[in-house]
Amino acid sequence: DTAVSQTPKYLVTQMGNDKSIKCEQNLGHDTMYWYKQDSKKFLKIMFSYNNKELIINETVPNRFSPKSPDKAHLNLHINSLELGDSAVYFCASSRWGAVQYFGPGTRLTVT
Amino acid sequence: QQPVQSPQAVILREGEDAVINCSSSKALYSVHWYRQKHGEAPVFLMILLKGGEQKGHEKISASFNEKKQQSSLYLTASQLSYSGTYFCGTEIGRGSGAGSYQLTFGKGTKLSVIP
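On a predicted model such as this, the values are computed, not experimentally measured, just so you know.

### Regarding the packing of aromatic side chains
Applying the stated criterion to the full structure yields 10 aromatic pairs over all chains. With a centroid separation of 5.2 Å and 40° between ring planes, the pair formed by A:Tyr35 and A:Phe102 is classed as tilted. Of this pair, A:Tyr35 sits in strand E4 (residues 31-37) while A:Phe102 sits in strand E10 (residues 101-102); the two residues are 67 residues apart in sequence, bridging distant segments of the chain. Here B:Tyr34 and B:Phe44 contribute two aromatic rings whose centre-to-centre distance is 5.8 Å and whose plane-to-plane angle is 75°, an arrangement assigned as edge-to-face. In this pair, B:Tyr34 sits in strand E4 (residues 30-36) while B:Phe44 sits in strand E5 (residues 43-49), placing the two residues 10 residues apart along the sequence. One aromatic cluster is present, built from ring pairs that chain together A:Tyr33, A:Tyr35, A:Phe90, A:Phe102, B:Tyr34, B:Phe44, B:Phe87 and B:Phe105.

Right, dumping it as structure tokens:
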């Protein structure tokens, strides 16, 4: 059983399009995260949700909007995609104050 | 603030040892270590809480010096499977709400183990 899953694994799209990435965890965790890893491998937190409530909202363009329909799901919607959005996006989950488990990542390529 | 990792890269022959350091300018509550292999997700190795404890995981161990706000990851008798990029993630404190703690990751140390 996959603990943290993301779909799609690869996403290729053109500038200006809108796309979504979905994340699900079956670990019973109450906190979920979105990270962006750029071409230089820098792993940066974007958002964090605890019990469906937004906790961390780092300085990211407002074109990025997370949504958590329930504790097991955290989706990321991106409007008006730009070349600089190309990266690998990782979802992660944890219990409060504990280890974060990462999903397999979604490689987004904007052309 | 992003922790500083050193070295940026290291090449080892099988059986050699390595140390990866992670330093912060802020007081730390905890340090987390992850390993990421090429094309894969980061995988948790260990967590150290303030108190200077040392933890071990097979031949990989780590320490946390609270006074220096520094953690070190020790890899002994390296194996080919140790190759990957090692990240430290630091937590400077807990927020007011449950689940509000935040990890800031260093830029990573690329470790290559060759036969």
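### Looking at the pattern of salt bridges
Residues and elements named next belong to chain A. Taken as a whole and judged by the stated rule, the model has two salt bridges over all chains. In this structure, Arg63 engages Glu82 in a salt bridge whose closest nitrogen and oxygen atoms are separated by 3.5 Å. Taken together, the residues Arg63 in the loop between strand E6 (53-57) and strand E7 (64-70) and Glu82 in the loop between strand E8 (73-78) and strand E9 (87-94) connect sequence positions 19 residues apart. Using a relative accessible area of 40% as the deciding quantity, one classes Glu82 as partly exposed. Across the salt bridge formed by Asp85 and Arg63, the nearest N and O atoms sit 2.8 Å from each other. Of the two residues, Asp85 is situated in the loop between E8 and E9 and Arg63 in the loop between E6 and E7; the sequence distance between them amounts to 22 residues.

### Details of the confidence of the model for chain A
Per-residue confidence for chain A averages 92 on the pLDDT scale, and 97% of its residues sit at or above 70. Mean pLDDT values over the elements of chain A span from 79, in E6(A), up to 98, in strand E3 (residues 19-25) of chain A.

### Focus on the nonpolar core
Core analysis: the biggest nonpolar cluster contains 21 residues, and B:Trp33, B:Met46, B:Leu73, B:Leu75, B:Tyr82, B:Tyr86 and B:Leu111 have the highest contact counts within it. Elements with a minimum of two residues in this core: strand E2 (9-13), strand E3 (18-23), E4, E5, strand E7 (60-65), strand E8 (70-75), strand E9 (84-91) and strand E11 (109-114) of chain B. If you look at the next biggest cluster of nonpolar residues, it comprises 19 residues, including A:Leu74, A:Leu76, A:Ala87 and A:Cys91.

Parameters and conventions
Residues numbered from 1 in each chain as written. Chains lettered and ligands numbered in written order. Predicted model: local features only at pLDDT ≥ 70, side-chain atom pairs only at ≥ 80, totals over all residues. Heavy atoms only, no water. Phe/Tyr/Trp six-rings, centres within 6.5 Å; stacked < 30°, edge-to-face > 60°. Helix = DSSP H or I, 4+ residues; strand = E, 2+ residues; numbered from the N terminus. Salt bridge = Lys/Arg side-chain N within 4 Å of Asp/Glu carboxyl O. Buried < 20%, exposed > 50% of the residue type's maximum accessible area, 1.4 Å probe, protein only. pLDDT = per-residue confidence, 0-100. Core = buried A, V, L, I, M, F, W, Y, C linked by side-chain atoms within 4.5 Å.

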